Amino acid sequence: MDTFNNILEYIGLFFVLLGSIFLFLGALGIYRMPDLYNRLQAGTKASTLGAMSVVLGVGLMQPGWLIKLIVIILFIGISNPLSSHALARASYKSGIRPFFKKKVDDYEAEDTHGRASDEESIN
Amino acid sequence: MSRKNFSISRYLYTFFIVFLIWYAFTTSLQPAEIITGIILSLVVAYITVVNFDCCDPILIMPSHIIYFIQYFFVFLVALVKANFDVARRVINPKLPINPGIVSFETKLKNNFAKMVLANSITLTPGTLTIDVIGNKFYIHWIDVTTKNKDEIYKEIAEPFEKVLLKIYRSHN
Amino acid sequence: MNIIIYTAIVLISIGSFLAFMRFVKGPTAADRAIALDTLSVIGIAGLVLLGYLFQRYIYIDLALVYAVLGFIGIIVIARYIEKAL
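What you see is a predicted model, and the numbers here were worked out from it, not measured in a lab. (Residues numbered from 1 in each chain as written. Chains lettered and ligands numbered in written order. Predicted model: local features only at pLDDT ≥ 70, side-chain atom pairs only at ≥ 80, totals over all residues. Heavy atoms only, no water.)

Enquirer: Can you help me understand the confidence of the model for chain C in this one?
Expert: Detail in the predicted coordinates should be disregarded across regions flagged by low pLDDT. Chain-level pLDDT for chain C is 89 on average; 96% of the residues reach the 70-or-more range. Within chain C, the element-level pLDDT minimum falls on helix α3 (residues 58-84) of chain C, averaging 89, and the maximum on helix α2 (residues 29-54) of chain C, averaging 91. (pLDDT = per-residue confidence, 0-100. Helix = DSSP H or I, 4+ residues; strand = E, 2+ residues; numbered from the N terminus.)

Below, the structure written as structure tokens:
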């Protein structure tokens, strides 16, 4: 039983270290990327898995807390992509255009309605 | 606000979901917590029942459980791949990116399935769902390799949609 | 044993500093909102880790409440940017 707990603790430490590395890389991505949408890409993915992995690691090291920690993991997994999607749509509709090397933009056609109403409100 | 689609069964279903969320967040069986949760859930369910149309209950067959497990593993592999992909791009001093916004059409009809697909796409390598209008998905892609609609669909959505279509086949 | 947890806390601290730099620099309000989102996720992981280090269960509840409030805050900011900016 004691060795089993020891093994769980080592696995937990591994997850904690891995998660903190991903959190660091996500923050580095937020800092380095050239425009808003790419920052969102780096930030969402890396920070979601990073936080999930840190929380899971703590759960393995402290099995009594596991239920609540799983609730946190599920909540992060559902809420993080939702909030990044809301931010991406909001910033596109407020007029921030992505950075392109070669322009590929299918969404532009859908946005004309929003821009027309903006111009009306300015006049 | 019209209360047109109000019905007792919908109200009870909403109450059940809201109370489940309360219980997940408190995880305690003390009478005071349970009673507070029931009262609050009744009030919140009464306010939100007219707007709560995303998650209609579906019939879950025993055979679906295999698909849920399969989806979970497909998703987990994609999530881990996505993270190494982001790490590779961020560490590289030249920032190898070629972003663009592409679109594809989904075969799913159920709103909840569309939400699951959109969230999964956001968490997979190099793609971010910007908007869903009807059955059209608009995706910000960090490294656009093709403009062909079929190849875009195959590249981004196919692994997830294959499994989701099996679960939601009878609800299409 | 504890050296790994301290390493993790140092990495998380550097990460939150980088996200904070983007929060200060970010040319638009949406950039700042993204930095805030990442900061709050890093904060959740940090709270859980500190809870383990100090052996206090209350930090887990704190992290859960922080997660819920951060999510609602980001949604409100996104609605505001969409309509009013």
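Enquirer: Quick question: what am I supposed to make of a nonpolar patch on the surface here?
Expert: All names here are of chain B. Together, F6, I8, L12, I35, I39, V43, Y46 and I47 make up a nonpolar patch on the protein surface, roughly 770 Å² of accessible area in all. Breaking the nonpolar patch down by element, the ones donating at least two residues are α1 (8-26) and α2 (31-48). With respect to the helices, strands and loops of the structure, I8 is situated in helix α1. (Patch = residues over 30% accessible without salt bridge, like charges linked within 9 Å, V, L, I, M, F, W, Y side chains within 5 Å. Areas by Shrake-Rupley, 256 points an atom, 1.4 Å probe, with all protein chains shown as cover. Salt bridge = Lys/Arg side-chain N within 4 Å of Asp/Glu carboxyl O.)

Enquirer: I keep staring at the packing of aromatic side chains and nothing clicks. Help me out?
Expert: The relative placement of two aromatic rings is captured by the distance of their centres and the angle of their planes. Residue and element names in this part refer to chain B. One pass over the structure, following the stated rule, counts 13 aromatic pairs over all chains. Here Y71 and F160 contribute two aromatic rings whose centre-to-centre distance is 5.8 Å and whose plane-to-plane angle is 55°, an arrangement assigned as tilted. Of this pair, Y71 sits in helix α3 (residues 64-91) while F160 is found in helix α6 (residues 158-167), placing the two residues 89 residues apart along the sequence. Of the two residues, Y71 and F160, both sit in the buried class. Here the aromatic rings of F104 and F137 are separated by 5.3 Å at their centres, their planes lie at 15°, and the arrangement is stacked. (Phe/Tyr/Trp six-rings, centres within 6.5 Å; stacked < 30°, edge-to-face > 60°. Buried < 20%, exposed > 50% of the residue type's maximum accessible area, 1.4 Å probe, protein only.)

Enquirer: Got a minute to help me understand the interface of chain A and chain B in this structure?
Expert: In many reports, interface size means the accessible area that the parts give up when they come together. If you look at the interface, chain A gives 43 residues, while chain B gives 42 residues. Interface area for chain A against chain B, summed over the two sides, is near 3,600 Å², with a carbon-plus-sulfur share of 68%. Interface area lost by chain A to chain B is led by R32, Q41 and K45 of chain A, which between them contribute 18%. Our count for the contact surface shared by chain A and chain B stands at 1 salt bridge. The partner of D131 of chain B in a salt bridge is R89 of chain A, and the shortest N-O contact between them spans 3.5 Å. Put simply, chain A and chain B have 13 residue pairs in polar contact (both at pLDDT 80 or more) between them. (Contact = heavy atoms within 4.5 Å. Buried area = accessible area lost by both parts, 1.4 Å probe. Polar contact = N/O pair within 3.5 Å; in protein donor to acceptor, adjacent residues only side chain to side chain.)

Enquirer: What exactly am I supposed to notice about the nonpolar core here?
Expert: By size, the foremost hydrophobic cluster in this structure holds 72 residues, and its most contacted members are V58, L69 and I72 of chain A, F104 and I156 of chain B together with V48 and L49 of chain C. With 9 residues, helix α2 (residues 36-61) of chain A is the largest single contributor of residues to this core. Contact partners of L49 of chain C, with chain neighbours within four places excluded, come to V16, V54 and V58 of chain A together with I5, A8, I9 and I12 of chain C. The next biggest cluster of nonpolar side chains, apart from the first, holds 20 residues, and it includes Y37 and Y107 of chain A, I130 of chain B together with I81 of chain C. (Core = buried A, V, L, I, M, F, W, Y, C linked by side-chain atoms within 4.5 Å.)

Enquirer: Is there a simple way to think about the interface of chain A and chain C in this case?
Expert: Listed by partner, the interface residues are 44 residues for chain A and 47 residues for chain C. Between chain A and chain C, the buried area comes to about 4,200 Å², and carbon and sulfur atoms account for 79% of it. Where chain A packs against chain C, one counts 3 salt bridges. A salt bridge links D31 of chain C to R39 of chain A; its shortest N-O distance comes to 2.1 Å. Of all elements in the fold, only α1 (2-32), α2 and α3 (66-93) of chain A reach the threshold of two or more residues within the side of chain A that touches chain C. With 16 residues, α3 of chain A is the largest single contributor of residues to the side of chain A that touches chain C. Taken together, the residues of the side of chain A that touches chain C sort by class into 30 nonpolar, 9 polar and 5 charged. (Nonpolar A, V, L, I, M, F, W, Y, C, P; charged D, E, K, R; others polar.)

Enquirer: Got a minute to help me understand the packing of α3 of chain A against α2 of chain C in this structure?
Expert: In helix packing, the relevant descriptors are the interaxial angle and the interaxial distance, both defined with respect to the helix axes. Axis separation between α3 of chain A and α2 of chain C bottoms out at 11 Å; the angle between their running directions is 175°. One finds that α3 of chain A runs roughly antiparallel with respect to α2 of chain C. For the pair formed by α3 of chain A and α2 of chain C, the contact residues are L69, I72, I76, N80, S83, L87 and S91 of chain A on the first element and A30, A33, I34, D37, V41, I44 and V48 of chain C on the second. A breakdown of the residues in the contact of α3 of chain A with α2 of chain C according to their chemical character gives 10 nonpolar, 3 polar and 1 charged. (Axes fitted to C-alpha atoms, helices over the stretch in contact; angles between N-to-C directions. Parallel < 35°, antiparallel > 145°, perpendicular 65-115°, else oblique.)

Enquirer: I'm lost on α3 of chain A in this one. Help?
Expert: The periodicity of an α-helix, 3.6 residues per turn, causes residues three or four places apart in sequence to face the same way. Between its terminal C-alpha atoms α3 of chain A stretches 41 Å, which fits the 40 Å expected from 28 residues at 1.5 Å a residue. In the stretch just after α3 of chain A, G95 of chain A is the one whose phi turns positive, near 105°. (Expected span 1.5 Å × (residues − 1).)

Enquirer: Even after reading the chapter, I still don't get α6 of chain B, so can you show me in this structure?
Expert: Residue and element names in this part refer to chain B. The complete set of buried residues in α6 reads F160, E161, V163, L164 and I167. Buried residues of α6 fall within an arc of 165° about the axis and therefore sit on the same side. Close packing links the buried residues of α6 with α3, α4 (111-122) and α5 (149-156). (Arc of directions from axis to C-beta.)

Enquirer: Explain the domain arrangement of chain B to me, please; I cannot follow it from the model alone.
Expert: Once the domains are mapped, chain B shows domain 1 (8-48) and domain 2 (64-171). For domain 1 of chain B versus domain 2 of chain B, the separation of C-alpha centres amounts to 33 Å. (Domains from an automatic or database assignment.)

Enquirer: Would you explain the environment of Y52 of chain C in this entry?
Expert: Relative to the assigned elements, Y52 of chain C resides in helix α2. Taking the C-alpha atoms as reference, Y52 of chain C lies 9.6 Å from I5 of chain C; in sequence the two are 47 residues apart. With residues near it in sequence (within four places) discarded, Y52 of chain C still touches E9, V58, M61, Q62 and W65 of chain A together with I5 of chain C.

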